[in-house]
Amino acid sequence: MITKKRILAALLAAPAALVVAAPAHAQVNGIATASPVRVIDASKAFTAAQQQIQTTYKAAFDQINARRQAAQKEAEPLLAQLDTNKDKKVDDAELKAAQAAKNPVLDKIAAIQNAANTDVQKLSNPAARAELFAIESILRQYEPAQLRVVTARKISVVLSPEVFMYAPDSADISDAITAELDKSVPTVSIQAPADWQPARETLAMQQQLAQIEQIRAYQAAAQQQQRGAGAAPAPAAPAGAKPAGNKPAEPR
């Protein structure tokens, strides 16, 4: 994709390859950074696609939530059997004890989880496919948008932020690329042709976007917990985590 798969593969498959990060003016001696996943996540087209997916597949998302709740309800009496100190939670010690004793309850819980996951996967496939199609449509315009920024700013080399031990904010052209993308492709379709199959690079991008959303959800939960606990400090985000833009399509 992007001026041919070779370039996008470098952008996505290898984080330290040809990628880059974000803001304003200058680059450092012709060298800039940019982050494709950040660009896509912040783009108007991706935001609009997410909103359309949430609406189009609302019934499926409702079924997914119901299936998860049903699985949790089914597992609760089994989990209660592992709660030996009756504090209404299964801690590490109780779990290890059950594993050491090869408690058959663990297998029953695993079976419930696996069945629920299988059902959720089937229910989420249409929405995931719609999201993939939108992502791939945006990615087709990534390289032309990047090229316009590179040409306008006389940039010679664009690298991933991960390659730098230090770089000023001015070296990051991600926001500029997003702005160019927003001009050229403000919206995309989520309706993939029947015979369409996503490229490997598109699948990799979807996974990276899902990670962003997981971090975002983690941070939101931490903030909510902090508000509920007064001044209690929020837990640190996972290593390497960086907050970013919009909400990807539901269950992945």
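About the thresholds
Residues numbered from 1 in each chain as written. Predicted model: local features only at pLDDT ≥ 70, side-chain atom pairs only at ≥ 80, totals over all residues. Heavy atoms only, no water. Helix = DSSP H or I, 4+ residues; strand = E, 2+ residues; numbered from the N terminus. Buried < 20%, exposed > 50% of the residue type's maximum accessible area, 1.4 Å probe, protein only. Contact = heavy atoms within 4.5 Å. Areas by Shrake-Rupley, 256 points an atom, 1.4 Å probe, with all protein chains shown as cover. Polar contact = N/O pair within 3.5 Å; in protein donor to acceptor, adjacent residues only side chain to side chain. Patch = residues over 30% accessible without salt bridge, like charges linked within 9 Å, V, L, I, M, F, W, Y side chains within 5 Å. Salt bridge = Lys/Arg side-chain N within 4 Å of Asp/Glu carboxyl O. Axes fitted to C-alpha atoms, helices over the stretch in contact; angles between N-to-C directions. Parallel < 35°, antiparallel > 145°, perpendicular 65-115°, else oblique. Nonpolar A, V, L, I, M, F, W, Y, C, P; charged D, E, K, R; others polar. Expected span 1.5 Å × (residues − 1). Core = buried A, V, L, I, M, F, W, Y, C linked by side-chain atoms within 4.5 Å. Left-handed = near helix turned anticlockwise from the far one by under 90°. pLDDT = per-residue confidence, 0-100.

Peer 1: Provide a residue-level description of the overall build of the chain, including the pertinent values.
Peer 2: Across its full length, the chain carries nine helices and two strands. Ordered by position in the sequence, the α and β elements of the chain form the string α-β-α-α-α-α-α-α-β-α-α. Counting all 252 residues of the chain, 38% fall into the buried class. The long-range share in the chain, meaning contacts at least 24 apart out of those at least 6 apart in sequence, stands at 82%. A total accessible area of about 14300 Å² is found for the chain, and carbon and sulfur atoms account for 56% of it.

Peer 1: Can you tell me about helix H5 (residues 92–100), naming the residues and giving the values?
Peer 2: Here H5 starts with a cap whose side-chain oxygen sits 3.2 Å from the backbone nitrogen of Ala93, and that cap is Asp91. One or two steps after H5, the chain reaches Lys102, where phi turns positive at roughly 50°.

Peer 1: Could you give me a rundown of a nonpolar patch on the surface, with the residues and numbers involved?
Peer 2: Judged by side-chain polarity, Leu79, Val90 and Leu95 come together as a nonpolar surface patch covering roughly 190 Å² of accessible area. Among the structural elements, Leu79 can be located in helix H4 (residues 58–82). For Leu79, a relative accessible area of 35% gives the class partly exposed.

Peer 1: Now, about the packing of helix H6 (residues 104–139) against helix H9 (residues 200–228): what can you tell me, with residues and values included?
Peer 2: Interaxial distance between H6 and H9 falls to 9 Å at its minimum, and their mutual angle equals 110°. The pairing of H6 with H9 is recorded here as roughly perpendicular in orientation. When H6 is examined against H9, the residues Ala128, Glu131, Leu132, Ile135, Glu136 and Leu139 are found in contact with a partner set consisting of Thr202, Leu203, Met205, Gln206 and Leu209. A class-by-class count of the residues in the contact of H6 with H9 yields seven nonpolar, two polar and two charged.

Peer 1: So what's going on with the environment of Ala115? Residues and values would help.
Peer 2: Within the secondary structure layout, Ala115 lies in helix H6. With relative accessibility at 35%, the residue Ala115 sits in the partly exposed group. Along the chain, Ala115 and Ala71 lie 44 residues apart, while their C-alpha atoms are 8.5 Å from each other.

Peer 1: For H9, give the residues involved together with the corresponding values.
Peer 2: For H9, with 29 residues, the first-to-last C-alpha span of 42 Å sits near the 42 Å given by 1.5 Å per residue. Within the sequence span of H9, burial applies to Glu201, Thr202, Met205, Gln206, Leu209, Ala210, Ile212, Glu213, Ile215, Arg216 and Ala222.

Peer 1: Explain the pattern of salt bridges residue by residue, including any values.
Peer 2: This model, assessed by the stated rule, comprises nine salt bridges. Of the charged contacts in the structure, one is a salt bridge between Glu180 and Arg148, with a shortest N-O distance of 2.8 Å. Linking Glu180 in helix H8 (residues 174–184) with Arg148 in helix H7 (residues 142–153), this pair joins segments that are 32 residues apart in sequence. When the shortest N-O distance is used, the salt bridge between Lys183 and Glu180 registers 3.5 Å. You can see Lys183 and its partner Glu180 sitting in helix H8, three residues apart, about one turn around the helix.

Peer 1: Residues and numbers for the nonpolar core, please.
Peer 2: Counting 36 residues, the largest nonpolar core has Ile40, Tyr57, Ile173, Ile177 and Leu181 as its most contacted members. Contributions of two or more residues to this core are made by helix H2 (36–42), helix H3 (44–56), H4, H6, H7, H8 and H9. With seven residues, H6 is the largest single contributor of residues to this core. With near-sequence residues (within four places) excluded, Leu181 lies in contact with Val39, Ile40, Ile138, Gln141, Tyr142, Ala145 and Pro186.

Peer 1: Tell me what's going on with the packing of H3 against H6, and back it up with residues and numbers.
Peer 2: Packing of H3 against H6 leaves a shortest axis separation of 10 Å and a crossing angle of 165°. Taken together, the axis directions place H3 and H6 in an arrangement best described as roughly antiparallel. The handedness of the crossing between H3 and H6 comes out as right-handed. On H6, the residues touching Ala45, Phe46, Ala49, Gln50 and Ile53 of H3 are Ala127, Ala130, Glu131, Ala134, Ile135 and Ile138. Grouping the constituent residues of the contact of H3 with H6 by class yields nine nonpolar, one polar and one charged.

Peer 1: Describe the confidence of the model for the chain, and please don't skip the residues or the numbers.
Peer 2: Should the pLDDT be low somewhere, the predicted coordinates at that spot are not to be read in detail. In the predicted model, the chain carries a mean pLDDT of 82, and 79% of its residues have values of at least 70. At the level of individual helices and strands, the chain shows its lowest average pLDDT in helix H1 (residues 5–13), which scores 34, and its highest in H3, which scores 97. Overall, residues 1–27 carries pLDDT values under 50, and its contacts beyond four positions in sequence, including any with other chains, amount to 97 contacts. The low-confidence segment residues 231–252, where pLDDT is below 50, has 53 contacts with residues more than four positions distant or belonging to other chains.

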